[in-house]
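# Geometric and topological summary
The lines below spell out each chain.
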2 protein chains.
Amino acid sequence: MSSSASKVLETFFTPRLIVVVGASDTPNKIGHIIYKNLRSKFRGRVLPVNPKHEEVFGEKCYHSVKDIPEPVDLAIIAVPARIAVLATRECAEKGVRGAIIVSAGFKESGSFGAKLEEELKEITEKHSIRIIGPNCLGVYDTSSLIDTFFCSEEKLRRPKMGSVSLVSQSGALAMAVLDWMAYQGLGIRKCVSYGNGCDVNEVDLIQYLTYDATTKVIIVYVEGVSDGREFMKIAEEAVTKKPILVLKSGRTEKGSRAVLSHTGTLTGSDRIYEAAFKQCGIIRANSLQDLFDMSKSLSMQPPAQGHGILIVTNSGGAGVMMVDACEEYGLEVRQLPRTIIRRMKEEFPTHFITENPIDLTGDAYDTAFGTVLKEAFLGYKDIDGAILCILPQDPGITIKIADVFSEIKRKSEKPIVACCMGGEFTEEVAERIENIGIPVFPTPERAVNSMWALVRYGEILKDAHNDN
Amino acid sequence: MSSSASKVLETFFTPRLIVVVGASDTPNKIGHIIYKNLRSKFRGRVLPVNPKHEEVFGEKCYHSVKDIPEPVDLAIIAVPARIAVLATRECAEKGVRGAIIVSAGFKESGSFGAKLEEELKEITEKHSIRIIGPNCLGVYDTSSLIDTFFCSEEKLRRPKMGSVSLVSQSGALAMAVLDWMAYQGLGIRKCVSYGNGCDVNEVDLIQYLTYDATTKVIIVYVEGVSDGREFMKIAEEAVTKKPILVLKSGRTEKGSRAVLSHTGTLTGSDRIYEAAFKQCGIIRANSLQDLFDMSKSLSMQPPAQGHGILIVTNSGGAGVMMVDACEEYGLEVRQLPRTIIRRMKEEFPTHFITENPIDLTGDAYDTAFGTVLKEAFLGYKDIDGAILCILPQDPGITIKIADVFSEIKRKSEKPIVACCMGGEFTEEVAERIENIGIPVFPTPERAVNSMWALVRYGEILKDAHNDN
């Protein structure tokens, strides 16, 4: 499979000239919000199209896309469903490469809407135009700053540039995730809400993102996939280049019935999905929080080369919780060689526990974490990843602990994740640690789950390598 | 079982006169930090005891507790282990009712320490004194403001007064939890880190908190229990009065080995704990986050009378995730009667989904949530609890949605929990909703888990009632 098929989608993310069909001066109209957003942020050019107006925002408004005397790369269509079909046809005839149809009133609204959606499909079959939507929020891209999410910045903050890209069947979910990521200071590269997916679907988008050099991790929310075989083929190819995390809802019988009334998708048996995801190397998230946590570790840390784990903590209790979680995730809290234990014993007070999980107790100090990591992480090849638990309340822990970790991180290609538990000072410490590229989580179990994703992706890469 | 046995512990929480053995003017000494904290906050009186000083903080310092010419209720002992034993004996002989021994160097440090700990036990057997500790952080009580957590306020903020009380075998964990609760704006009533538990243990504390009218929810972190039979007897009694949430770590084989090196506790088979907890009506948390989430819902909402659940959402996708989670937790997203569906249909646009899970879509507005709750929650006896999912990014959702919920809450004795997903504006909305007493969680699955705790506690109460 070459990357050429996915190149046609490029027009959705880096168009030079966009038109907004339905652009308007009337506040609260979707065409108004989208046109206004694009005018103020988009790095290319944007023109208004609306047969009802001569001017929009004081600029010449075209009555039809066909009146525009130059090539148009992308049309955003925000008019009622019936008119949206006509406008799309005009775009197709003019040779516009892509259309994002945000309008609702298609398949999701009953049989008349379903017919309109069939017409859209016919247009894509006859012409070279590709369609995202209908009934979607469209695209947010932090490079070109194309943004068709018709939601004010006050209600929905946009995240900064990052290396994770999101593909979501649910628009509302994409919206909430963007807003949350912005709030958490996490970055995103591209986000697509593809709605009914009458043409461009999750398979196309995953394939496109596979060859998007700026995307390091692909996260996907789906309620069902349109073509299972194609999905698996594309995913198998994608995971050799970057991890794919999927949250597939409708896992249970009642859940899949709820999906049917939500998006009209037939989900099929969850066991089949589970097996298919596993086979093609997709990492499945079982909750939205798992999805967030694992995308964070996968975008910040390298995959692990094995499942041998070192735990370093200054709370014995949290250490035990981490060991429990490791066991449940199939990670091995691996025994250390006598020589390494001896070297640590020489340096530490007798009450520090120098067997893995290493417990530095309430008397822990910043450089004690450093000593352990040098001896048992950098210095021991059978350890594949380190999970740290730092309770910054202890007197010996200072904000400078991040510098200790920074030095270790520079010397290692093995993954490290951390848990910091507490309040205000803890947040400061956590922020410093995240700034050097180590993801921090608020509970022991979440840190372990995020390490599991790194171990799992390491296995997936190895399997793919062995298959070839 | 009467409450009299637990009354003797009252002295740890509401003493009139405290002494700090080891009080000192030297900063960073534990006796200094504790004495200083108590002087500035504790509502009763506090006196310094230290044979090395004539004065501490400019006040007369006693060389021995025996020199104090009036009755002492509680001694905080912060001197090296060997001296701590002598000081405890003096306290016992003077008739002091309680001692909190924060000093380390006992059972956890080897055989010599274990012998010292035996001496402490002998003292409690000969005298009426009770001991919390050794090797613990002691007590934090938001009423009397007794606070023996030797940690500065800068590193460990203290939470405000609330109705949850925490009993923790691990001091570090208690510290992190307090700090985190303060940061989240959550309240606590009493917190006890009992360390080695040479005398007062988790059983005594649970029994005491059962009869503490100000505690509504008891949360417990243990790595093992000292007397299983006694624990179950006390727990069975307690759960008829208030819920008990337990996080028991060392669930796995490796985890239980880690416990052994952490606190020297033999954990025993986890399956036995699981069965015992279930039998006596304890709600078990499987992770620290579950513990937090469930304690939040149990302290803010009444138990559910059954497991029939209503889901109301403005994101179909999040609705599906909730249905999946409900199925997995054994909660029933119950079908609504035709008449109720019809009444909602009359009021709503046709694209709103009026079957449970009710999906108000991106066109949701504040009062639409109110209409659903009136018809399908207040108006339908077979619904036992409501889980709301609010994405405040939608244009129709405003900060006033909290007022809508407030009205519903006033009219109902059934539990409501919510999920709000997003960023800054979402946090504002969530805060308003929490201020009226509805707990809010950041993901659908966590909201469902917190509702499960309310359903489970309802069952526990029913079982207890049927047994009597």
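Scroll up to find the structure.
Residues numbered from 1 in each chain as written. Chains lettered and ligands numbered in written order. Predicted model: local features only at pLDDT ≥ 70, side-chain atom pairs only at ≥ 80, totals over all residues. Heavy atoms only, no water.

## A few points about the interface of chain A and chain B
Where we set the bar: The contact criterion used is simple: two residues touch if any of their non-hydrogen atoms lie within 4.5 Å. Two parts lose some accessible area (1.4 Å probe) when they are put together, and adding that loss for both gives the buried area. A carboxyl oxygen of Asp or Glu within 4 Å of a side-chain nitrogen of Lys or Arg is what we treat as a salt bridge. Contacts described as polar in this section are N or O atom pairs within 3.5 Å, which, within protein, must combine one atom able to donate a hydrogen with one able to accept it, while residues neighboring in sequence count only if both atoms come from side chains. Note on conventions: DSSP H or I runs of at least 4 residues are helices, E runs of at least 2 residues are strands, and numbering of each starts at the N terminus. Three residue categories are used. Nonpolar comprises Ala, Val, Leu, Ile, Met, Phe, Trp, Tyr, Cys and Pro, charged comprises Asp, Glu, Lys and Arg, and polar comprises the others, including Gly.
In this assembly, 64 residues from chain A lie in contact with 64 residues from chain B. Of the roughly 5,000 Å² buried at the junction of chain A and chain B (both faces included), carbon and sulfur atoms supply 61%. Between A:Arg251 and B:Glu328 there is a salt bridge, and its shortest N-O distance comes to 2.7 Å. Where chain A meets chain B, there are 30 residue pairs in polar contact (both at pLDDT 80 or more). If you list the elements that add at least two residues to the side of chain A that touches chain B, you get α6 (171-184), α9 (253-263), α11 (288-300), α12 (316-329), β17 (332-333), α16 (424-435) and α17 (444-467) of chain A. The leading source of residues in the side of chain A that touches chain B is α12(A), at 9 residues. A class-by-class count of the residues in the side of chain A that touches chain B yields 27 nonpolar, 19 polar and 18 charged.

## Let's talk about the sheet that holds strand β2 (residues 45-49) of chain A
All names here are of chain A. Let me state the cut-off plainly: A pair of strands counts as paired when DSSP detects no fewer than two bridges linking them. In this analysis, axes come from line fits to C-alpha atoms, helices being fitted only over the stretch in contact, and the angle between any two N-to-C directions falls in the range 0 to 180 degrees.
The parallel open sheet is built from 5 strands, whose spatial order is β2-β1-β5-β6-β7. Either end of the sheet is taken by a strand with one partner, and the two such strands are β2 and β7 (130-132). The sheet shows a mean angle of 20° between the axes of neighbouring strands, taken without regard to direction. Two strands pair when backbone bridges link them, and strand β1 (residues 17-21) and β2 are joined in this way by 5 bridges, in the parallel orientation. Bridging across to β2, Ile18 finds its partner in Val46.

## Here we look at the packing of aromatic side chains
Basically, it comes down to this: Stacked, tilted and edge-to-face are the three classes assigned to paired rings of Phe, Tyr and Trp, where Trp is represented by its six-membered ring and a pair needs centres within 6.5 Å; plane angles under 30 degrees give stacked, over 60 edge-to-face, the rest tilted. Burial classes follow relative accessibility: with a 1.4 Å probe on protein chains only, a residue under 20% of its type's maximum area counts as buried, one over 50% as exposed, and anything between as partly exposed.
Under the definition given, this model contains 18 aromatic pairs over all chains. Seen in terms of ring centroids, A:Phe231 and A:Phe277 are 6.1 Å apart; in terms of plane orientation they differ by 50°. Their pairing is tilted. Here A:Phe231, found in helix α8 (residues 228-238), pairs with A:Phe277, found in helix α10 (residues 270-280); they are 46 residues apart in sequence, far enough to count as distant. Taken individually, A:Phe231 and A:Phe277 each receive the classification buried, so the pair is uniform in this respect. Arranged with centres 4.7 Å apart and planes meeting at 5°, the rings of B:Phe13 and B:Tyr208 form a pair that is stacked.

## Notes on the side chain of B:Gln169
Its place among the elements puts B:Gln169 in the loop between β10 (164-168) and α6 (171-184). A polar side-chain atom of B:Gln169 sits 2.7 Å from the main-chain amide nitrogen of B:Glu223.

## Here we look at the relation of the copies chain A and chain B
For clarity, the cut-off: What sets the superposition is a least-squares fit of C-alpha atoms, and only residues with pLDDT of at least 70 in both copies go into it.
Rotating chain A by 180° about the axis while translating it 0.0 Å along that axis superimposes it on chain B, leaving an RMSD of 0.1 Å. Given the turn and translation reported, the copies of this chain are related as if by a two-fold rotation axis. Of every C-alpha in chain A, the one belonging to A:Gln289 sits nearest the axis of rotation, 5.7 Å from it. Same-surface contact between copies: 100% of interface residues of chain A are shared with the interface of chain B.

## Some details on the pairing of β1(A)
Residue and element names in this part refer to chain A. Threshold: Looking down the strands as they point away from you, a crossover is right-handed if its path from the first strand over the helix to the second goes clockwise.
Within β1, 5 of the 5 residues are buried, which leaves it mostly tucked inside the rest of the structure. The alternating pattern of β1 places Leu17, Val19 and Val21 and Ile18 and Val20 on opposite faces, both of which are buried. Assessed by its sense of winding, the connection that carries the chain from β1 through helix α3 (residues 30-41) to β2 is right-handed. Across 4 bridges, β1 lies against strand β5 (residues 74-77) in parallel orientation. Residue pairing in the sheet places Ile18 in a bridge with Leu74 of β5.

## As for the environment of B:Leu47
All names here are of chain B. On the secondary structure map, Leu47 appears in strand β2 (residues 45-49). Overall, Leu47 belongs to the buried group, its relative accessible area being 11%. With 150 residues separating them along the chain, Leu47 and Gly197 place their C-alpha atoms 25 Å apart. Discounting chain neighbours no more than four positions away, the residues touching Leu47 are Leu17, Ile18, Val19, Val20, Tyr35, Tyr62 and Ile68.

## Looking at the packing of helix α7 (residues 202-210) of chain A against α8(A)
All names here are of chain A. Note the threshold: Angles are sorted into four bins: roughly parallel if under 35 degrees, roughly antiparallel if over 145, roughly perpendicular if 65 to 115, and oblique for all others. Left-handed describes a crossing whose near helix is turned anticlockwise from the far helix by less than a right angle; the clockwise case is right-handed.
Between α7 and α8, whose axes approach to 9 Å, the crossing angle comes to 15°. It follows that α7 is roughly parallel to α8 by the angle criterion. For the crossing formed where α7 meets α8, the hand is left-handed. Residues Glu202, Val203, Ile206, Gln207 and Thr210 of α7 lie in contact with α8, whose contacting residues are Glu230, Phe231, Ile234 and Ala238. Counted by class, the contact of α7 with α8 contains 5 nonpolar, 2 polar and 2 charged residues.

## Looking at the side chain of B:Thr313
In this structure, B:Thr313 sits in strand β16 (residues 308-313). Among the residues examined, B:Thr313 registers a relative accessible area of 1% and is labelled buried.

## Here we look at the nonpolar core
Defined as follows: Grouping buried Ala, Val, Leu, Ile, Met, Phe, Trp, Tyr and Cys residues that are joined through side-chain atoms within 4.5 Å yields what is termed a nonpolar core.
Of all hydrophobic cores here, the largest spans 214 residues; its most connected members are A:Ile244 and B:Ile244. Setting aside residues no more than four positions away along its own chain, A:Ile244 makes contact with A:Ile206, A:Ile218, A:Val220, A:Ala235, A:Ala238, A:Val239, A:Ile282 and A:Ile283.

## Thoughts on unusual backbone geometry
All names here are of chain A. Omega for the bond connecting Asn356 with Pro357 falls within 30 degrees of zero, at 5°, which places this linkage in the cis form. Looking at the secondary structure, you find Pro357 in the loop between α13 (338-347) and β18 (358-359). Notably, Phe57 is not glycine yet its phi reads approximately 55°, a positive angle. Of note, Phe57 is situated in the loop between β3 (55-56) and β4 (59-60). On the basis of relative accessible area, Phe57 is assigned to the partly exposed category, the value being 26%. A positive phi angle is found at Leu145, which is not glycine, with a value near 60°. Here Leu145 lies in the loop between β8 (138-141) and β9 (160-161).

## A look at the packing of helix α8 (residues 228-238) of chain B against helix α10 (residues 270-280) of chain B
Residues and elements named next belong to chain B. Where α8 contacts α10, the axes come no closer than 9 Å and their chain directions differ by 30°. As summarised for this structure, α8 and α10 are arranged roughly parallel, according to the angle between their axes. Residues Phe231, Met232, Ala235 and Glu236 of α8 touch α10, and the partners they reach there are Ala276, Phe277, Gln279 and Cys280. Looking at side-chain class alone, the contact of α8 with α10 contains 6 nonpolar, 1 polar and 1 charged residues.

## Some remarks on the sheet that holds strand β13 (residues 217-222) of chain A
Residue and element names in this part refer to chain A. On the basis of which strands lie adjacent, the open sheet formed by 6 strands has the order β8-β12-β10-β13-β14-β15 and mixed pairing. Only two strands of the sheet have a single partner each, and these edge strands are β8 and β15 (283-285). With direction set aside, neighbouring strand axes in the sheet form an average angle of 15°. Of the strand pairs in this sheet, strand β14 (residues 244-248) and β15 are connected by 3 bridges, and their pairing is parallel. From the neighbouring strand, Leu245 faces β15, where its bridge partner is Ile283. In the packing of α11 onto the sheet, the strands contacted are β10 (164-168), β13, β14 and β15, and the crossing angle to β14 comes to about 175°.

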